[in-house]
Amino acid sequence: MIEVEHLSVGYDADGREQSALHDVSLTVPQGTVCAVIGPSGCGKSTLMKVVAGLIRKFQGTVRIDGCPVNPQEMKIGFMPQNYGLLPWKTVGENIYLGCRIKGEESADLEARGQALCQRLGIAGLEKRFPHELSGGQQQRVGLARAFLLRPDILLMDEPFSALDAITREEMQEVFLDLWQENHITTMLVTHYVEEALYLGQQIALMSAHPGSVQEVMDNPLAGSAEERHKPEFFAMGQRLREKIREMGAEA
Ligand code: ADP
Ligand code: MG
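Note that the structure is predicted; figures quoted are calculated from it, not measured.

About the cut-offs
Residues numbered from 1 in each chain as written. Chains lettered and ligands numbered in written order. Predicted model: local features only at pLDDT ≥ 70, side-chain atom pairs only at ≥ 80, totals over all residues. Heavy atoms only, no water. Near = heavy atom within 4 Å. Polar contact = N/O pair within 3.5 Å; in protein donor to acceptor, adjacent residues only side chain to side chain. Areas by Shrake-Rupley, 256 points an atom, 1.4 Å probe, with all protein chains shown as cover. Nonpolar A, V, L, I, M, F, W, Y, C, P; charged D, E, K, R; others polar. Pairing = 2+ DSSP bridges. Helix = DSSP H or I, 4+ residues; strand = E, 2+ residues; numbered from the N terminus. Axes fitted to C-alpha atoms, helices over the stretch in contact; angles between N-to-C directions. Salt bridge = Lys/Arg side-chain N within 4 Å of Asp/Glu carboxyl O. Buried < 20%, exposed > 50% of the residue type's maximum accessible area, 1.4 Å probe, protein only.

(A) Structural view of the site of ligand 1. Neighbouring residues of ligand 1: Y11, A20, P39, S40, G41, C42, G43, K44, S45 and T46. One nitrogen or oxygen atom from the side chain of Y11 is found 3.5 Å from a nitrogen atom belonging to ligand 1. The contact in question runs from an oxygen atom of ligand 1 to an N or O atom on the side chain of S45, over 2.9 Å. In isolation ligand 1 exposes 570 Å². Once the protein is present, 57% of that is buried. Here the shell around ligand 1 is composed, by residue class, of four nonpolar, five polar and one charged.

(B) Region of the structure containing the sheet that holds strand 3 (residues 33-37). Taken together, the six strands give an open sheet; going across it, the order is 6-7-8-3-9-10, and neighbouring strands pair in mixed fashion. The open sheet has two edge strands with one neighbour each: strand 6 (76-79) and strand 10 (212-218). Between one strand axis and the next, the sheet turns by 15 degrees as a mean value, whatever way the strands run. Pairing analysis gives six bridges linking strand 9 (residues 202-207) to strand 10, with the strands arranged antiparallel.

(C) Layout of the pattern of salt bridges. Enumeration according to the criterion identifies nine salt bridges in this entry. R119 is the salt-bridge partner of D177, the closest N and O atoms lying 3.2 Å from each other. Of this pair, D177 sits in helix 5 (residues 165-182) while R119 sits in helix 3 (residues 109-120), placing them 58 residues apart in sequence. Accessibility expressed as a relative area gives 42% for D177, which makes it partly exposed.

If you want it as structure tokens, here you go:
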């Protein structure tokens, strides 16, 4: 479970502190996906970095399974906005990187890695470098790395944004397919209403100036490919858009 309570974060801008997040509270129950949606600059990435333990200067509390965030002790799967692949390492090295850092040496690691690559359609690309892959393939490598680690929580910052619409839908399916296996507690940032509806059992709506969570909606439509093309889905999308518009944002 991820618990964020009264979180405020400021950045130092030219000697003055500028508020990036103000009094954000959000709970992601164990084994669920929370989609975080909001306009550019409202602090979505900042929120992810705090939960990932990368930003340590903040007010409020952030707990993972009841404990303060500790990236050394916890297994946090973090996919930053640009996938976070190291350009000087091969695809294979990138995939095993998280596990290597954690000293994970289970006997089946290699086999699991290969199975994941097969499943993600990136088998045979292990010796290439990230720049020799398409955006969609890099995305798959990022997913392989995150899921191979079998993290306690998964944080994904606009994971499918750089992809064309068709590839994006494919990757959403791939993500759900992998996610179904262990139901990793996940926070996923998106600026696509449909993506939030398809993937998030909860949808947190954020607004800017200063960044805050305005509303958290339960979303019964999440996870079902059949629902995705039904009128209810579009109606809910419209409602979500209206809410976002009311908050003075665009999506
Ligand atoms: P989002 O991901 O929703 O687009 P960010 O979390 O990246 O928003 O940024 C929130 C606000 O904080 C923005 O106004 C941004 O300019 C500012 N900001 C982000 N990172 C830094 C930083 N390292 N230093 C100063 N300001 C930052
Ligand atoms: Mg961002």
